[in-house]
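# A closer look at the structure
Here is what each chain is made of, one letter per residue.
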Amino acid sequence: MGHALNKRLIILIVVLFASCAFLQWRSPAPGACQTEKQPLAKVLNHIPGWKNDSAVTFETNLINALKLDDYINIRYSNTNTQVSLYIGQYLSPEKVGAAHNPLVCLPGQGWKVSGRDAGEISVPFNNKTYPVSYNTMVAELGDVKQLFLYWFQASDATYANTLGQKVSVFWNILLGRSPDSALVRLSTPLNGQSRAEAKAALLKFAADFYPVYLTYIQSPAAQ
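These numbers were taken from a predicted model, which means no experiment stands behind them.

Reading the values: rules and limits
- Residues numbered from 1 in each chain as written.
- Predicted model: local features only at pLDDT ≥ 70, side-chain atom pairs only at ≥ 80, totals over all residues.
- Heavy atoms only, no water.
- Helix = DSSP H or I, 4+ residues; strand = E, 2+ residues; numbered from the N terminus.
- Contact = heavy atoms within 4.5 Å.
- Polar contact = N/O pair within 3.5 Å; in protein donor to acceptor, adjacent residues only side chain to side chain.
- Phe/Tyr/Trp six-rings, centres within 6.5 Å; stacked < 30°, edge-to-face > 60°.
- Buried < 20%, exposed > 50% of the residue type's maximum accessible area, 1.4 Å probe, protein only.
- pLDDT = per-residue confidence, 0-100.

By secondary structure assignment, the location of Gln 218 is in helix H6 (residues 195–218). Placed 62 residues apart in sequence, Gln 218 and Asp 156 show a C-alpha to C-alpha distance of 7.3 Å. If near-sequence neighbours (up to four positions away) are discounted, Gln 218 is found in contact with Phe 125, Tyr 130 and Asp 156. Only 3.3 Å separates the side chain of Gln 218 from the side chain of Asp 156, close enough to count as a polar contact.

If you walk through the whole model with that rule in mind, you get 14 aromatic pairs. With 6.0 Å between their ring centres and 35 degrees between their planes, Phe 58 and Tyr 86 make a pair best called tilted. A residue pair is termed long-range when its members are at least 10 positions apart, and Phe 58 in the loop between strand E1 (51–55) and helix H3 (60–66) and Tyr 86 in strand E3 (residues 82–90) qualify at 28 residues. For the pair Phe 58 and Tyr 86, one class covers both residues: buried. Measuring from ring centre to ring centre gives 5.8 Å for Trp 151 and Tyr 210, while their planes differ by 85 degrees; the resulting arrangement is edge-to-face.

Right, let's get into the environment of Leu 85. Among the secondary structure elements, Leu 85 is positioned in strand E3. Overall, the relative accessible area of 0% leaves Leu 85 in the buried class. Each C-alpha atom of the pair Leu 85 and Leu 149 lies 9.8 Å from the other, and the pair is 64 residues apart in sequence.

Attention now goes to the confidence of the model for the chain. This prediction gives the chain a mean pLDDT of 86; 83% of its residues lie at or above 70. Here residues 4–14 is modelled with pLDDT under 50, and outside its nearest four sequence neighbours on either side it reaches one contact, counting other chains as well. Low pLDDT, under 50, characterises residues 21–35; the predicted model gives this stretch 16 contacts beyond four residues in sequence or across chains.

Shown next, in the form of structure tokens:
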């Protein structure tokens, strides 16, 4: 049992090492011209069944600190609830793993985290079904209490952890596929609703929003 586990670990390390080497070989030189997709804010301006209430623009120093190629931080609402959506998008292969894990980032900002959980839903899109693996957690800061739901994106696949995301991006590069990666984070207030109600609202939004996001992911870069 132990030998088999060690063997799998060695294989994984070898694959990661080879992938890193290939990534460095394939990565464009600094300053090389790169095409870009349409802005996320334009693609996700409208989510069916939801109203776009407000968007927050980051300062340049924060964009640089997060190494973002694109991002959105928008609040949506329907008749029942409000949901905030943050996506930190990375279009360059060397930026895989640049996303700040909310499990680390939120406590670093003073939030108290509890009630961690994980799950998966299936979202239909273009005659296919896409699994969305996610994490949830409750976060409190002063009088503010929210439920967060998040995942790590690698092209059109989702992962509940960064290791799965990194391996997937490396394989995509090896196979000549898109090296895109992202952190996708949803949140909704827990004040006035139960955790079960809040989670149901976030999953409803995820099911409505994800097909629109997939159109962005699967679209060719704008010329």
